[in-house]
Amino acid sequence: MNGIARARKRLCLEWTAVALGATALCLSVLSFAVPAARSVSAAFAAPAGTIAPVGDSVGNSVGNSVGDSAAMLLRILASLKFTVSQALLSSALAVAIGLPAGFFVARREFPGRRALLAASGVPLCVPPMIVTLAFVLFYGRQGTLNSFLMGAFGLKNPPITFLYSFAGIVIAHGFYNFPVVLRTVSQVWERLPREEEEAATLLGAGPFRVFRTVTLPRLSGAILSSAVLVFLYCFFSFIIVMTFGGIGGTSLEVELYRAARSSLDFRMAGAIAIAETVPALLIVVLYSRLGRRLSADTEGTRPPRPRLAPHGFTERLALAGYLAFILAFFAGPLLSILVRSFVVPSGAFTSIRGHSLGLGQWMLLLSRSNFAPAVVNTVRVAVPVALISTLAAVAYALAEDAFRDAFPRERSPLALRVAPLAPLAVSSVALGFGWGLLAPRGNAFFLVLAQSAMAWPFAWTQVRSSLDRIPQSVRDAASLASSSRLDAAFRVRLPLASRGIVSAAAFSFAISAGDASLPLVLSMGKFENLPLLLFRLAGSYRFSEACACTVVLALICGVVFFAMDSGGKAEGEHV
Amino acid sequence: MSEYLTVEGLAKRWPMQSVEISFSLAEGGTLALLGPSGCGKSSVLRMIAGLLSPDAGRITLAGEDITRLPPARRRVGMVFQDHALFDHLTVEDNVGYGLVSQGMRRGEARERAAEWLERFGLGGFSKRRPLTLSGGERQRVALARTLAVSPRLVLFDEPLSALDAELRRRMQDELRAHQRSLGYTAIYVTHDVAEAEILADSVLRMA
Amino acid sequence: MKARFLRAALIVCFAVVLFGGCAGRESGDDAKALTIYAYDSFVADWGPAPELAKRFEAKTGYRATFVSCGDAAQVLSRATLERARPEGDVLVGIDNNLIAAARAAGVLTPYKPKEAERVVAEEIRLADDWLLTPYDYGYFAIVFDSASKIMPPASLEDLTKPEYAKKLILMDPRTSTPGTGFLAWTVAIYGKDYRSYWQRLKGSILTMAPGWDSGYGLFTSGEAPLVISYTTSPAYHLENEKTDRYKALIFPEGHIAQAEGMGLVKGARHAKAAKAFIDFMLTDEAQSVLPLTQWMYPVSETVTLPDSFSAAPMPTNALTVDSGEVSAAIEPAMSVLAK
């Protein structure tokens with residue numbers, strides 16, 4: 001085969017890949033846009049056959065006074081304030097915990113470093129109901145911490161009671177989400193060029209000043225992007241808010257859930273979906289405007305700086321202290337789930353520490369005829385979701401680059417920048433509501449699409465930040481030396497962004513593996529995956545088994561993340 | 001006599017500044033664009049390479065109007081200040097990259113790459129990774145990569161500013177010697193007057 | 001070479017997986033098939049559905065496919081959305097709270113099963129026109145952890161006492177059936193004064209959990225000694241965990257009853273099979289499956305209850321409240337708590 005034919009063949013393959021990516025992207029976007037539009041449109045045109053609301057809807061109801069409706073509206077507005085403030089504080093906490101973690105993971109070698117990094121994917125796949133159980137088992141009035149303190153100091157009443165309050169929500173959110181910050185920040189931190197910091201040190205700045213004036217600005221892009229993800233998660237958080245939130249409080253998500261699923265007031269549901277989505281979209285838009293400016297600073301595909309063992313006594317102490325802190329307050333709740341899974345029912349006992357432990361519930365779970373199929377189903381769906389989401393994310397990122405190359409002077413239109421994050425601004429309850437209204441005959445194909453729609457924004461953030469780290473000069477060199485811009489993308493840019501691409505796949509996998517709501521909403525007859533099995537176990541008294549199920553799920557995701565982290569040792573390592 | 005490279009009225013405007021330039025160069029000739037940083041000389045190079053689109057002007061190379069051609073089709077090579085090697089490829093694959101783009105079999109491209117590396121005193125570096133090389137070695141690999149595809153014009157964007165003084169002096173002589181022996185047409189961008197005079201026959205000062 | 005192979009493999013994988021996903025389509029039309037929409041725990045592996053499907057097919061030859069829609073309200077919701085072209089033939093799980101909505105939605109058609117008069121006692125009947133046929137029922141009750149060191153309360157009013165501060169786990173009536181059940185209970189007992197009751201109760205509530213699963217999970221983890229659940233909860237623990245630690249408290253003032261019903265979908269494609277199923281559900285063969293899977297009382301009184309049900313006390317007084325009243329009470333009660 002001569003040269004030209006070879007080059008042409010390569011180009012052909014590349015265009016096929018582009019076509020695949022574009023298909024994946026279209027499918028993902030449609031799988032979001034259609035149900036989202038449907039759920040929002042319910043506010044304006046109730047679907048045929050809507051049940052006349054038996055309860056309250058603003059303005060017309062049976063047996064409900066106008067006063068009550070107005071009171072409810074006021075409560076909803078108050079709850080918006082509550083929701084936003086809780087989300088803001090939770091994000092701040094997650095960043096506060098995640099930054100030091102990011103530092104240690106990026107720059108220091110210590111035992112358990114890889115485990116910590118792998119564990120950072122776990123919260124994505126643990127259902128919120130288990131998260132609340134985990135925090136209660138650990139921090140609750142009869143939880144591990146209180147039992148320990150009461151036993152150690154002989155107290156009568158549990159000393160730690162913050163859990164069922166605003167503080168409890170913020171702490172649960174912050175601890176649950178800090179791994180997102182950890183992962184994003186450490187990936188950037190380990191590649192920051194050291195020259196600037198060294199220059200600042202030589203100019204007489206102390207370590208804190210160096211951090212504040214040199215390092216922090218360069219990390220701000222990563223910090224901001226992870227903070228936005230955490231914010232959106234907390235904004236739509238529903239189970240944690242309700243369980244810990246103080247009695248009678250309401251959030252938009254709760255009201256949406258109610259309208260869409262129990263009072264079946266579809267017009268109200270549509271209205272709330274809009275009310276929820278608008279602030280979230282504003283956040284996304286705000287982030288898009290700030291984000292571009294900040295991420296411009298993070299170029300450089302230098303290899304990760306060599307990780308040193310912690311030097312000096314203070315640093316060692318700080319690291320040990322911090323690890324202990326993480327172990328106690330993040331791993332603690334998760335480990336409580338592990339322990340709970342071993343609790344075997346027996347006769348009378350006084351506290352969970354007195355429970356007998358055994359493998360009984362594990363054996364029961366593993367021997368269930370539907371356990372193995374559930375595991376298989378989980379993976380069988382999560383792998384295509386990872387594939388489609390990653391393809392969509394890569395396709396979109398490349399399209400953005402092509403746009404920027406074609407119109408270098410213009411900033412890309414806001415719509416283009418907001419589009420990949422838009423799915424995050426719509427709650428899963430709202431999307432589920434939309435899917436329910438469309439009521440397709442549930443089957444695995446729709447499930448894969450629906451989950452890809454949910455997961456591809458995360459995938460995109462990973463791919464985008466990896467691609468952005470490629471220096472302009474390398475992009476230019478590739479443009480000059482390749483047979484076309486597309487060729488340059490496939491042979492240089494994508495391989496250099498491989499870390500981000502693999503990360504995107506892992507995140508998408510975890511998100512799919514942890515989703516129980518879509519299979520239900522799509523009313524898939526015979527389908528059962530691990531989170532669904534978990535949900536069913538918990539709903540029928542079988543909590544220890546539910547915990548065991550969670551552990552299995554967390555292990556699967558942990559393995560995926562671990563494999564991914566080990567796979568790309570240094571960015572740019574050729575496969 | 002029509003020149004090998006003519007640049008007529010090549011212009012670019014930004015909010016805070018603008019640049020406009022015209023010059024011509026004979027085949028095998030060398031030109032240095034000299035000026036303080038920020039005066040737009042790198043942008044001129046990038047416009048010639050096709051990485052930046054000009055607001056006005058025309059570029060003709062070897063009789064062909066390349067003003068509207070995409071960079072891949074101009075047969076113009078560029079050596080960057082930070083070398084811009086592809087970290088995910090070995091040295092030989094870096095050097096052979098352009099050849100593979102043109103459709104050469106990878107094996108053959110690697111053989112040609114080895115020849116070029118030999119010529120630059122880097123024989124035996126084939127399987128090394130760019131990240132393990134020193135500044136001077138990277139510089140030479142970048143040059144080999146650029147020259148391997150026989151470009152009609154080679155652009156150098158501050159190629160030596162990342163090197164230490166001693167290496168820099170040596171590389172200046174080397175570059176000059178290479179250019180003389182291989183005979184390629186070159187434009188160098190630099191802010192150092194002495195360097196400009198060593199590397200190039202003519203110097204164009206930019207404000 | 002290797003990269004090319006990898007790319008090709010990837011494309012093939014992608015295609016296979018994509019089309020393989022489609023292969024999970026539901027089976028097409030079949031005279032012997034029957035689709036039943038039910039709530040999730042009914043359809044679960046340890047719920048009644050698998051055994052019922054087996055016995056039903058053995059008896060009648062019809063093949064029943066159970067589809068989980070989520071919770072009971074979702075069953076109704078899905079049926080409503082499909083009204084023009086119903087895919088389901090039977091709806092299972094519509095309880096007394098949802099019956100008004102079901103009627104308004106117009107998705108069911110009345111059908112009186114063969115043995116209805118004999119099997120279903122008058123008090124449990126959901127509708128005079130047999131729009132819904134009850135198949136099981138239960139009572140809400142406060143379940144108490146006898147391993148805790150407090151005195152069990154004897155009435156709703158008792159719950160407001162200071163000694164029970166932060167010791168009661170309730171569920172949110174907006175998102176959970178037992179939550180609504182407890183609210184209905186307060187309305188039944190206190191009538192128009194339920195608001196002041198909730199004001200007094202406020203101090204005792206540890207949390208309003210979003211669902212029974214999280215609430216009961218908190219309870220069994222020892223967070224609080226009192227939780228709203230069913231009278232049959234102790235039976236579960238006795239049967240499966242061999243413990244009598246958790247006790248259902250009977251309040252002399254009475255308990256709210258919940259009856260769950262099934263109905264024939266209007267315009268169902270397999271009406272004959274659907275009717276056969278509803279008839280089947282009232283036979284002892286079907287009813288005997290229910291206690292150990294549903295943890296509710298079967299409507300048929302001729303079914304022997306398992307031994308563990310001896311741990312489930314029977315209320316002396318069964319209460320019901322009009323579902324419209326209960327729905328109307330949700331917002332005011334929540335407002336009281338929010339202040």
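Residues numbered from 1 in each chain as written. Chains lettered and ligands numbered in written order. Predicted model: local features only at pLDDT ≥ 70, side-chain atom pairs only at ≥ 80, totals over all residues. Heavy atoms only, no water.

1. Focus on the overall build of chain A
- The number of helices and strands found in chain A is 24 helices and zero strands.
- Counting across all 575 residues of chain A, residues that qualify as buried make up 60%.
- Across chain A, contacts joining residues at least 24 apart in sequence account for 80% of those joining residues at least 6 apart.
- When the accessible surface of chain A is totalled, it reaches about 21,500 Å², and 71% of it is carbon and sulfur. (Helix = DSSP H or I, 4+ residues; strand = E, 2+ residues; numbered from the N terminus. Buried < 20%, exposed > 50% of the residue type's maximum accessible area, 1.4 Å probe, protein only. Contact = heavy atoms within 4.5 Å. Areas by Shrake-Rupley, 256 points an atom, 1.4 Å probe, with all protein chains shown as cover.)

2. Some details on unusual backbone geometry
- Backbone geometry places B:S150, a non-glycine residue, at a positive phi of 50°.
- Of note, B:S150 is situated in the loop between helix 5 (135-148) and strand 7 (153-157).

3. Let's talk about helix 6 (residues 144-153) of chain A
All names here are of chain A.
- Within the span of helix 6, buried status applies to L145, N146, S147 and M150.
- The inward-facing, buried residues of helix 6 contact helix 5 (128-139) and helix 13 (313-341).
- Note on helix 6: the residue one or two positions beyond its end, G154, has a positive phi of about 60°.

4. Describing the interface of chain A and chain B
- Chain A puts 30 residues into the contact, and the matching count from chain B is 28 residues.
- For the pair chain A and chain B, the two sides together bury roughly 2,400 Å², of which 56% comes from carbon and sulfur.
- The tally of links from chain A across to chain B stands at one salt bridge.
- Taken together, the links from chain A to chain B amount to 10 residue pairs in polar contact (both at pLDDT 80 or more).
- Elements supplying a minimum of two residues to the side of chain A that touches chain B: helix 1 (3-41), helix 19 (472-481) and helix 20 (485-496) of chain A.
- When residues of the side of chain A that touches chain B are assigned to their parent elements, the largest contribution, nine residues, is made by helix 19 of chain A.
- A breakdown of the residues in the side of chain A that touches chain B according to their chemical character gives 13 nonpolar, 10 polar and seven charged. (Buried area = accessible area lost by both parts, 1.4 Å probe. Salt bridge = Lys/Arg side-chain N within 4 Å of Asp/Glu carboxyl O. Polar contact = N/O pair within 3.5 Å; in protein donor to acceptor, adjacent residues only side chain to side chain. Nonpolar A, V, L, I, M, F, W, Y, C, P; charged D, E, K, R; others polar.)

5. Concerning the domain arrangement of chain C
Residues and elements named next belong to chain C.
- Once the domains are mapped, chain C shows domain 1 (26-137 + 258-307) and domain 2 (138-257 + 309-338).
- In this structure, domain 1 and domain 2 have C-alpha centres spaced 27 Å apart.
- The junction of domain 1 with domain 2 conceals about 1,500 Å² of combined surface from both sides, 58% of it contributed by carbon and sulfur atoms.
- The largest per-residue losses of area from domain 1 upon contact with domain 2 belong to Q258, W295 and Y297, which jointly make up 50% of the total buried on that side.
- The tally of links between domain 1 and domain 2 comes to zero salt bridges.
- Linking domain 1 to domain 2 there are six residue pairs in polar contact (both at pLDDT 80 or more).
- Where the side of domain 1 that touches domain 2 is concerned, the elements lending two or more residues are strand 10 (255-265) and helix 13 (290-294).
- Across the side of domain 1 that touches domain 2, the residue classes break down as 10 nonpolar, three polar and two charged. (Domains from an automatic or database assignment.)

6. Things to note about the sheet that holds strand 1 (residues 5-13) of chain B
All names here are of chain B.
- Here four strands make up an open sheet; going across it, the order is 2-1-4-5 and the pairing antiparallel. If you trace the sheet from one side to the other, it starts and ends with strand 2 (18-25) and strand 5 (64-65), each paired once.
- Of the pairings in the sheet, the one linking strand 1 to strand 4 (residues 56-61) comprises five bridges and is antiparallel in character. Each bridged residue has a counterpart across the sheet, and for V7 the counterpart in strand 4 is I59. (Pairing = 2+ DSSP bridges.)

7. Things to note about the pattern of salt bridges
- Enumeration over the complete set of coordinates arrives at 38 salt bridges over all chains.
- Between C:E82 and C:R78 there is a salt bridge whose closest N-O contact spans 3.2 Å. Here C:E82 matches C:R78 in class, with each residue buried.
- Between C:R269 and C:E87 there is a salt bridge, with its nearest N and O atoms 3.2 Å apart. Highlighted residues: C:R269 in the loop between strand 10 and helix 11 (271-281) and C:E87 in the loop between helix 4 (72-81) and strand 3 (90-95), separated in sequence by 182 residues.
- Residue C:R269 is classed as partly exposed on the basis of its relative accessible area of 45%.
- The class for C:E87 is buried, based on a relative accessible area of 16%.
- Salt bridges linked by common partners bring A:E400, A:D401, A:R404, A:R464, A:D468 and A:R493 together as one network.

8. With respect to the sheet that holds strand 9 (residues 202-205) of chain B
Residue and element names in this part refer to chain B.
- The five strands are arranged 6-7-8-3-9 in an open sheet whose pairing can be described as parallel. The open sheet has two edge strands with one neighbour each: strand 6 (76-79) and strand 9. Strand-to-strand twist in this sheet, taken as the mean axis angle between neighbours without regard to direction, amounts to 20°.
- Its contacts with the sheet place helix 6 (residues 165-182) against strand 3 (30-34), strand 7 and strand 8 (185-190), and it is angled at close to 160° to strand 8. (Axes fitted to C-alpha atoms, helices over the stretch in contact; angles between N-to-C directions.)

9. A word on helix 11 (residues 252-262) of chain A
Residue and element names in this part refer to chain A.
- For helix 11, a buried count of 10 out of 11 residues is recorded, marking the element as mostly surrounded by other parts of the structure.
- Restricting attention to buried positions, one finds in helix 11 the residues L252, E253, V254, E255, L256, Y257, R258, A259, A260 and R261.
- L264 occupies a position one or two residues after helix 11 and carries a positive phi of about 55°.

10. Focus: the side chain of C:S204
Residue and element names in this part refer to chain C.
- Examined against the element boundaries, S204 turns out to sit in the loop between helix 8 (194-201) and strand 7 (205-209).
- Exposure remark for S204: the relative accessible area of 1% places this residue in the buried category.
- Look past the residues within four positions of S204 in its chain and what remains in contact with it is L159, T160, K161, Y164, A165, K166, K167 and L168.

11. Quick word on the packing of aromatic side chains
- One pass over the structure, following the stated rule, counts 51 aromatic pairs over all chains.
- Taking the centre distance of 4.3 Å and the plane angle of 10° together, the rings of A:Y541 and C:Y236 count as stacked. Here A:Y541, found in the loop between helix 23 (530-538) and helix 24 (543-567), pairs with C:Y236, found in helix 10 (residues 233-241), and the two come from separate chains. Each of the two residues, A:Y541 as well as C:Y236, counts as buried.
- Here the aromatic cluster, defined as three or more aromatic residues joined through ring pairs, consists of A:Y541, A:F543, C:Y137, C:Y139, C:W212, C:Y216, C:F219, C:Y236, C:Y246, C:W295, C:Y297 and C:F309.
- Looking at B:R119, its charged tip hangs above the ring of B:W116, at a distance of 4.3 Å from the centre.
- Here the basic side chain of C:K32 rests over the ring of C:Y62, its NZ or CZ set 5.0 Å away from the ring centre. (Phe/Tyr/Trp six-rings, centres within 6.5 Å; stacked < 30°, edge-to-face > 60°. Lys NZ or Arg CZ within 6 Å of the ring centre and 35° of its normal.)

12. Notes on a negative patch on the surface
All names here are of chain C.
- On the surface, a cluster of negative charge is made up of E122, E123, D128 and E301.
- Along the chain, E301 turns up in the loop between strand 11 (297-298) and strand 12 (318-319).
- With relative accessibility at 66%, the residue E301 sits in the exposed group. (Patch = residues over 30% accessible without salt bridge, like charges linked within 9 Å, V, L, I, M, F, W, Y side chains within 5 Å. Lys, Arg positive; Asp, Glu negative; His and termini not counted. Charge placed at Lys NZ, Arg CZ, Asp CG, Glu CD.)

13. Concerning the nonpolar core
- Residues B:I187, C:F42, C:F66, C:I142, C:F182, C:W198 and C:F277 are the most contacted members of the largest nonpolar core, which totals 325 residues.
- At 14 residues, the largest contribution of residues to this core is made by helix 15 (residues 371-406) of chain A.
- Counting residues in each nonpolar core, the second largest holds 36 residues, with B:A32, B:L34, B:V95 and B:L117 among its members. (Core = buried A, V, L, I, M, F, W, Y, C linked by side-chain atoms within 4.5 Å.)

14. Details of the environment of A:F543
- Tracing the chain through its elements places A:F543 in helix 24.
- On the accessibility criterion, A:F543 (3% relative accessible area) is buried.
- Those residues in contact with A:F543, other than ones at most four positions away along the chain, are A:R340, A:A538, C:D213, C:Y216, C:G217 and C:T220.

15. Quick notes on the side chain of C:D136
- As for its placement among the helices and strands, C:D136 is situated in strand 5 (residues 133-145).
- Although C:D136 is buried, it makes no salt bridge; A:R542 carries the closest opposite charge, 14 Å away.
- Here C:Q294 takes part through its side chain, which lies 3.1 Å from a polar atom of the side chain of C:D136.
- Here C:D136 is in contact with C:Q258, C:A259, C:E260, C:L290, C:Q294, C:M296, C:Y297, C:P298 and C:V299, once residues within four sequence places are set aside.

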